[in-house]
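# Descriptive analysis of the structure
Take a look at the letters that make up each chain.
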Amino acid sequence: MEPENQVEVAGDDARHAEKMRKKQTAQAKIMASKTREQGLLIVHTGKGKGKTSAALGMVVRAIGHGMKVGVVQFVKGAMKTGEKAVFDAFPDNVEFKPMGEGFTWDTQDRTRDIAAARAGWDEVKRMIADPSYHMVLADELNIVLRYDYLPVDEVVAVLTARDAMKHVIVTGRNAPDALIEAADLVTEMTMVKHPFRSGVKAQAGIEF
């Protein structure tokens, strides 16, 4: 490398290092101001793929910290999933309960769907009320709320009245406004591309 090029690279490195030092100082100041811990109400919604996957990633993270997690799956339950096989290996940390019977167009029985939703919700309430659970995941709860299988007001009231240190995650498209308003953290997954539109079916390890 020519000497002038070496000088130019050294200058770029020095400017980069100084820029990063300033960022580090600013970030440390921000982090120092965040001192409060609390249980979070987390909502994953939107038309994009990844709502449940992201939530299950949090479950894995919680397991790594020795926490106990309750997982109730609404709608899902009609098929075997890879996550159930994994979580069954951690019986002391995870209670995994797929309680759905498929989508409403599969059952074609509104009364049956409502009963399944109520049974799943009773399990969520039990886990929320149990102090041994650090985190509760209500997977696809937004779907049953969208179809009015459960009263939104009742659900929001239970979630907001939970223990101050308990984390609750709710997933599914079309989260109701009342739930979004009550939540501490809301992420909307946006679909850009999806292989299903190109004729690719749901595959093991990706969708289930």
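Being a predicted model, the structure only gives us computed values, none of them experimental. (Residues numbered from 1 in each chain as written. Predicted model: local features only at pLDDT ≥ 70, side-chain atom pairs only at ≥ 80, totals over all residues. Heavy atoms only, no water.)

### A look at the packing of aromatic side chains
This model, assessed by the stated rule, comprises two aromatic pairs. Look at Phe 87 and Phe 96: their rings are 5.6 Å apart centre to centre, the planes differ by 45 degrees, and that puts the pair in the tilted class. With a relative accessible area of 9%, Phe 96 lands in the buried category. On the numbers, 5.7 Å between centres and 25 degrees between planes, the contact of Tyr 147 with Tyr 149 is stacked. Looking at Tyr 149, the relative accessible area reads 9%, which means it is buried. The side chain of Lys 68 reaches across the aromatic face of Tyr 133, ending 4.4 Å from its centre. Over the aromatic face of Tyr 147 sits the side chain of Arg 146, whose NZ or CZ is 5.8 Å from the ring centroid. (Phe/Tyr/Trp six-rings, centres within 6.5 Å; stacked < 30°, edge-to-face > 60°. Buried < 20%, exposed > 50% of the residue type's maximum accessible area, 1.4 Å probe, protein only. Lys NZ or Arg CZ within 6 Å of the ring centre and 35° of its normal.)

### A look at unusual backbone geometry
For Glu 140, which is not a glycine, the phi torsion comes out positive at approximately 65 degrees. Positive phi values are uncommon outside glycine, yet Asn 174 reaches one of about 55 degrees. Secondary-structure assignment places Asn 174 in the loop between β5 (167-171) and α8 (177-182). Among the residues examined, Asn 174 registers a relative accessible area of 42% and is labelled partly exposed. (Helix = DSSP H or I, 4+ residues; strand = E, 2+ residues; numbered from the N terminus.)

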